[in-house]
Amino acid sequence: MNTDTPESSRKAQIDALLLKLPGASTRKINGLDAYFVSDKMFACISGGGVGLRFSAAVATELHFSRDNVVPFQPRGLASSREWIQINRADAADYEKDLELFRASLEFVSGGRTR
């Protein structure tokens, strides 16, 4: 009998993708599953999506150029200009966003991933 909840299975799939990025680690922050590089958060699971941090210009461009990107508002908090959220019904589809995850990690680390 499978005891995984849909949320834990979703997190496991996202972990498998993000934790193979150089220098990435995970921990909970304010009850949310977050991903860090050099002790700085670059991604966070919230609701039905994953939030990513970019420069304000890149975040704005992504928000207006992709239909699955929305403002990142964890627990209904005000959004930040540097954060977007990518929504995917199936967590396995985040593989399609791997380059965005890498770009976010690079932005947050300032190019230093070790």
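About the thresholds
Residues numbered from 1 in each chain as written. Predicted model: local features only at pLDDT ≥ 70, side-chain atom pairs only at ≥ 80, totals over all residues. Heavy atoms only, no water. Helix = DSSP H or I, 4+ residues; strand = E, 2+ residues; numbered from the N terminus. Buried < 20%, exposed > 50% of the residue type's maximum accessible area, 1.4 Å probe, protein only. Lys, Arg positive; Asp, Glu negative; His and termini not counted. Salt bridge = Lys/Arg side-chain N within 4 Å of Asp/Glu carboxyl O. Polar contact = N/O pair within 3.5 Å; in protein donor to acceptor, adjacent residues only side chain to side chain. Contact = heavy atoms within 4.5 Å. Pairing = 2+ DSSP bridges.

Colleague: A description of the side chain of R10 should follow, citing residues and the corresponding values.
Modeller: Relative to the assigned elements, R10 resides in helix α1 (residues 6-18). Summary of buried charges: R10 has no salt-bridge partner, and the nearest side chain of opposite charge, D90, is 6.2 Å away. A polar contact is formed between the side chain of R10 and the side chain of Y94, at a distance of 3.2 Å. Setting aside anything within four residues of it in sequence, one finds R10 in contact with G47, G48, G49, R88, A89, D90, A91 and Y94.

Colleague: How would you explain the pairing of strand β4 (residues 49-53) if you had to name every residue and give the values?
Modeller: Taken across its five residues, β4 has four buried, putting it largely inside the fold. Adjacent in sequence and paired antiparallel, strand β3 (residues 40-46) and β4 are bridged by two residues, among which G47 carries a positive phi angle near 60°.

Colleague: Lay out the environment of A43 with the relevant residues and their values.
Modeller: In this structure, A43 sits in strand β3. Separated by 40 residues in the primary sequence, A43 and W83 place their C-alpha atoms 8.9 Å from one another. Leave out the neighbours within four places in its chain, and A43 touches L18, A34, Y35, V50, G51, L52 and W83.

Colleague: Any details on the pairing of β3? Residues and values, ideally.
Modeller: Most of β3 sits inside the fold, with five of its seven residues counted as buried. Sheet topology places strand β2 (residues 32-37) next to β3; four bridges connect them, and they run antiparallel. If you follow V37 over to β3, its bridge partner there is K40. The hairpin formed by β2 and β3 contains two residues between the paired strands, and S38 there has a positive phi angle of roughly 50°. Two strands pair when backbone bridges link them, and β3 and β4 are joined in this way by four bridges, in the antiparallel orientation. The residue bridging C44 from the neighbouring strand is G51, located in β4.

Remember, this is a structural readout, not a statement about activity or role.
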